[in-house]
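Okay, here's what each chain looks like letter by letter:
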Amino acid sequence: ELWKSCHGRSEDLLLVPGAVDAVIPEVGADPYPTDDRPRVLFAGNIYRLRDQPEANRVLSDKLNTLGAHLVKRGIRLYFLGTGNTRRLDRSVVTLLGHAPYDASWDYLRFATVGIVVAAGPFMHNNESTKIYHYLRAGLPVVSEAGFPNDHVVTASGLGEVVPNGDMAFMAERVDAAVQREW
């Protein structure tokens, strides 16, 4: 009901309420375009304008800003998911579209780092389930603070949570995560 009240439609969507499957699909082929740059992935929803226009604006702006910082560091930011992508700057954010659930795991497995950005300073009713998926795939995470499950990132030993709203610092920490042996 929360999903429907926030996003409207519910057909053809898989909701994973705060968890991830114990058994995930077998590893497939690398789905990314050939490129020597590290792959930073944002997998998720940036909302449609008619449902959450402010969240779409904030998330798009953050991804554009982060992507611009990462390009300067030789790192490529990818967006896999749904929502209105018109505001995303394709010179700094590479759009992958959406993928079926089973195929989506290979995007996580073949990425270098997964990122999480927040639509506000604290998402009190909204866990970031992408955190669970990234970690289940073994993907290091750099997450912007603001989610009730932020602690999972640091407790896992596979990432860090950065202060909300500072995309330059987040890019620095993403670069450090790219360089680190996990």
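See the structure shown above.
Residues numbered from 1 in each chain as written. Predicted model: local features only at pLDDT ≥ 70, side-chain atom pairs only at ≥ 80, totals over all residues. Heavy atoms only, no water.

**Q** Outline the pattern of salt bridges, listing residues and values.
**A** Counting across every chain of the model gives 11 salt bridges. In this structure, Asp61 engages Arg87 in a salt bridge whose closest nitrogen and oxygen atoms are separated by 2.7 Å. One end of the pair, Asp61, is in helix H2 (residues 53-72); the other, Arg87, is in the loop between strand S2 (76-82) and strand S3 (93-97), and 26 residues separate them in sequence. The partly exposed category is assigned to Asp61, whose relative accessible area is 26%. The partner of Arg173 in a salt bridge is Glu160, and the shortest N-O contact between them spans 2.9 Å. (Salt bridge = Lys/Arg side-chain N within 4 Å of Asp/Glu carboxyl O. Helix = DSSP H or I, 4+ residues; strand = E, 2+ residues; numbered from the N terminus. Buried < 20%, exposed > 50% of the residue type's maximum accessible area, 1.4 Å probe, protein only.)

**Q** Explain the side chain of Ser143 to me, using residue names and the numbers behind them.
**A** Counting through the fold element by element, Ser143 comes out in strand S5 (residues 141-144). Excluding its chain neighbours within four sequence positions, the residues that come into contact with Ser143 are Val116, Ile131, Asp150, Val153, Glu160, Val161, Val162 and Met170. (Contact = heavy atoms within 4.5 Å.)

**Q** How would you explain the packing of aromatic side chains if you had to name every residue and give the values?
**A** Going through the model one piece at a time under the given rule, you end up with four aromatic pairs. Note on Phe42 and Phe79: the rings are 5.8 Å apart at their centroids and 15° apart in plane angle, and the pair reads as stacked. You can see Phe42 sitting in strand S1 (residues 39-45) and its partner Phe79 sitting in strand S2, a full 37 residues away along the chain. Each member of the pair, Phe42 as well as Phe79, carries the same accessibility label: buried. (Phe/Tyr/Trp six-rings, centres within 6.5 Å; stacked < 30°, edge-to-face > 60°.)

**Q** I'd love a proper account of the nonpolar core, names of residues and values included.
**A** Ranked by size, the top nonpolar core spans 26 residues in total, and within it Val40, Leu63, Leu70, Ile115, Met170 and Val174 carry the most contacts. Here the element with the most residues in this core is helix H6 (residues 167-179); it accounts for six residues. When residues no more than four places from it in sequence are discounted, the contact partners of Leu63 are Phe42, Ile46, Leu77, Phe79, Leu88, Val93, Ile115 and Val117. Membership of the second largest hydrophobic core comes to 24 residues, among which are Tyr32, Trp105, Tyr107 and Leu158. (Core = buried A, V, L, I, M, F, W, Y, C linked by side-chain atoms within 4.5 Å.)

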